[in-house]
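# Survey of secondary and tertiary structure
What follows is the residue order along each chain.
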Amino acid sequence: MPSPDVLLAFFVATAVFAFMPGPAMIYVAAQTMARGRRAGWFAAVGVSIGGLAHVVAAAAGLSALFAHVPAAYAVLKLAGALYLVWLGVTLIRARVAGDAATAFPEKTAGRAFVDSMVVEILNPKTAIFFLAFLPQFVDPAAGLPVWVQLLALGLVVNLMFGLGDVVAVLGASLIIGKIGASEKAQRLIRWAGGSLMVGLGLKLATDRS
């Protein structure tokens, strides 16, 4: 494995990225605001599993495809952006009273989990991030194979990012508690969460990087 100094730099850099507000944290907060705290926890788990798929892809060398085949990157980015916009519009248009979030909390949480996992898997920027970030801390001369080091480091990054998502869920839950549970407040919260998702989708679609 890398030297202690390199590992220290890795943990510091990972912590900065993990707890700096970014699209994943905003998305998890939006899910929490639109569907409730339980759904927020499931969304955080879904994002982590989606991130794990990118870690495995990076260790296997599959993420390099997006760096060398721009068309594949563009197609996946557009698919993820459209899916985010569709999710946001669906949440905005959903009825507050008697909707799935009230009558079927288990189904809503499960839907948040699946949606979040799909959104993360369809985000090529996550793949590019792991592809660019992890190799900086790999030691080719170490006893462990490079792919094992990439996998181990990627798992740590994914765990740290998961902790950042936990902070997002707690923060969004605090906002929900402050606003209240009236029908008008719930409609406002759902609209805000859905609008955040639409905004993230549009940003992903129009971002040239």
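See above for the structure.
Structural notes, computed from the coordinates. Keep in mind that this is a model prediction, so the values were computed, not measured.

## Describing helix α8 (residues 124-133)
Along α8, the positions that sit buried rather than exposed are Pro124, Thr126, Ala127, Phe130 and Phe133. In this structure asparagine 123 caps α8, since a side-chain oxygen of it lies 3.1 Å from the backbone nitrogen of lysine 125.

## As for helix α1 (residues 4-19)
Across its 16 residues, α1 extends 23 Å between first and last C-alpha, which sits within 8% of the 22 Å expected from 1.5 Å per residue. When we look at burial in α1, the residues that qualify are Phe10, Ala13, Thr14 and Ala18. For α1, the angular spread of the buried residues around the axis is 130 degrees, confining them to a single face. Exposed and facing more than 90 degrees away from the buried side of α1 are Pro4, Asp5 and Leu8. Contacts from the buried residues of α1 go to α2 (23-35), α8 and α9 (146-179).

## Here we look at the packing of helix α5 (residues 70-93) against α8
Orientation of α5 relative to α8, taken along the N-to-C sense of each, is 130 degrees, at an axis distance of 8 Å. One finds that α5 runs oblique with respect to α8. Side by side, α5 and α8 meet where Tyr73, Leu76 and Lys77 of the first sit next to Pro124, Lys125 and Ile128 of the second. Among the residues forming the contact of α5 with α8, the class breakdown is four nonpolar, no polar and two charged.

Calculation rules
- In this convention, every chain numbers its residues from 1, walking through the sequence in written order.
- Reporting in this predicted model follows two pLDDT cut-offs: at least 70 for local features of residues, and 80 or more for side-chain atom pairs to be given and counted; totals over whole chains, interfaces and linings ignore these cut-offs and use all residues.
- Heavy atoms from the whole structure form the basis of all side-chain values; hydrogens and water molecules are not counted.
- For every residue, the accessible area (1.4 Å probe, protein chains only) is compared with the maximum for its type, and the residue is labelled buried under 20%, exposed over 50%, or partly exposed between those bounds.
- Elements are defined by DSSP. Helices are runs of H or I of four residues or more, strands are runs of E of two residues or more, and each kind is numbered from the N terminus.
- Nitrogen and oxygen atoms within 3.5 Å of one another constitute a polar contact, given that in protein one can donate a hydrogen and the other can accept it, and given that sequence-neighbouring residues count only through two side-chain atoms.
- The span one expects for a helix is its residue count, reduced by one, times 1.5 Å.
- Within this analysis, the arc is defined by the directions that extend from the helix axis to the C-beta atoms.
- Contacts are assigned to residue pairs that have any heavy atoms within 4.5 Å of one another.
- Fitting a line to C-alpha atoms yields each axis, with helices limited to the stretch in contact; the angle taken between N-to-C directions then spans 0 to 180 degrees.
- Our angle categories are set so that under 35 degrees counts as roughly parallel, over 145 as roughly antiparallel, 65 to 115 as roughly perpendicular, and the remainder as oblique.
- Polar here means any residue other than Ala, Val, Leu, Ile, Met, Phe, Trp, Tyr, Cys and Pro, which are nonpolar, and Asp, Glu, Lys and Arg, which are charged; Gly is therefore polar.

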